[in-house]
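Structure at a glance
The residues making up each chain are set out below.
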Amino acid sequence: MFIGDALAMPVHWYYNRGALRRDYGRLTDFVAPRPIHPDSILWRSSYRAANPRGEILHEQSRYWGQRDVHYHQFLAAGENTLNLQLGAELLESVCAKSGYDHADYTRRYLAFLLEPGRHRDTYVEECHRNFFTRYAKGFDAEDCGEDDVHIGGLVNLAVLAVALREDPDHAHAAVQQHLALTHRGRIVSECARALTELLLRLLNGGDDARLAATGLIEGTRIGWLNHHALLGWLDRPDDVVIGTVLSPACYLEDAFPAVLHLARKHAADFEGGIVSNTNLGGDNCHRGAVLGAILGAALGESGIPPRWITGLHAHHRLRGLIDLLTG
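The structure contained in this document is the topic of the report that follows.

Rules and cut-offs
- Residues numbered from 1 in each chain as written.
- Predicted model: local features only at pLDDT ≥ 70, side-chain atom pairs only at ≥ 80, totals over all residues.
- Heavy atoms only, no water.
- Helix = DSSP H or I, 4+ residues; strand = E, 2+ residues; numbered from the N terminus.
- Buried < 20%, exposed > 50% of the residue type's maximum accessible area, 1.4 Å probe, protein only.
- Lys, Arg positive; Asp, Glu negative; His and termini not counted.
- Salt bridge = Lys/Arg side-chain N within 4 Å of Asp/Glu carboxyl O.
- Polar contact = N/O pair within 3.5 Å; in protein donor to acceptor, adjacent residues only side chain to side chain.
- Contact = heavy atoms within 4.5 Å.

Below, the discussion takes up the side chain of R17. Mapped onto the fold, R17 is located in helix 2 (residues 17-24). In this structure R17 is buried but unpaired, with D239 as the nearest side chain of opposite charge at 4.9 Å. Within the structure, the side chain of R17 is placed 2.9 Å from the backbone oxygen of D239, a separation counted as a polar contact. Apart from the residues lying within four places of it in its own chain, the contact partners of R17 are D239, I242, G243, P248 and L280.

Set out below in structure tokens:
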């Protein structure tokens, strides 16, 4: 999760792959972002808090509405974007409560976004802006989630799959409860259920399931997902599948099949899959987080390059929490 996001962070939402190569070459290691992002749409993005209950941009608000501003301009090499920093908050909550405590996570979520200085990320995704628009109007936190069809809703669900892997029914229920805080709707719920089932089968199947990861990925079932097409893409270059056949953008109807394609094609190669995803651009941070979770569950820590583990900006915090969770 954290590696897939952090590697892609400097080139997040680059849709011009020529510009991506010009600015970063082929990314294979963590680097800090350049201050200028040629594909940035922050110049036409806006958010205005109605009152303190909606103030989530803080010192970053001055950059909204400006051209060429990098979404993650102040993050360091190996540092995670806002959504994955929230994943670390979820991980910490699960460890502190010895399981999923929705009220505890909700409290942490509100504090993380409302308290100035909790993170250095410039971009705050639409789901959080929608949530706090309603929260500022006086809605209870449980009533602030709105329909959302972006892959960002799936990025942290692996924490719950790992924490609750011995009780699959509880895992599925916790995932849906957690998801609904900020992401609602049929498509995102279906994708979350399918992803959770895939992760649980990989995590609980031992070495046999990991060796059979390709079959498990092919077995992922969603009504609208064309599995015959998914298998037919395996002989095509990733940059053709994701960019010509599928959009590299954030919408789940393309983004989730894109992740499954990459996971199937690179099922035995964590590094190859994560590097390919990163250099495809588009919403590669969120695709990368979901892809990293799947490949990590399939291959285990021994399949992950050690330089990427120790190179994470929050390595020491994450190492301690992950050891506690999986202990």
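Below, the discussion takes up the pattern of salt bridges. A full pass over the atoms with the stated rule returns 15 salt bridges. Among the ionic pairs, R118 bridges to E115, the shortest N-O distance being 3.1 Å. Classification of R118 as partly exposed rests on a relative accessible area of 30%. What makes E115 partly exposed here is its relative accessible area of 39%. Notably, a salt bridge pairs E190 with R186, separated by 3.3 Å at the nearest N-O pair. Separated by 4 residues within a single helix, E190 and R186 lie in helix 8 (residues 186-204), roughly one turn from each other.

Take it as geometry only, folks, not as evidence of what the structure does.
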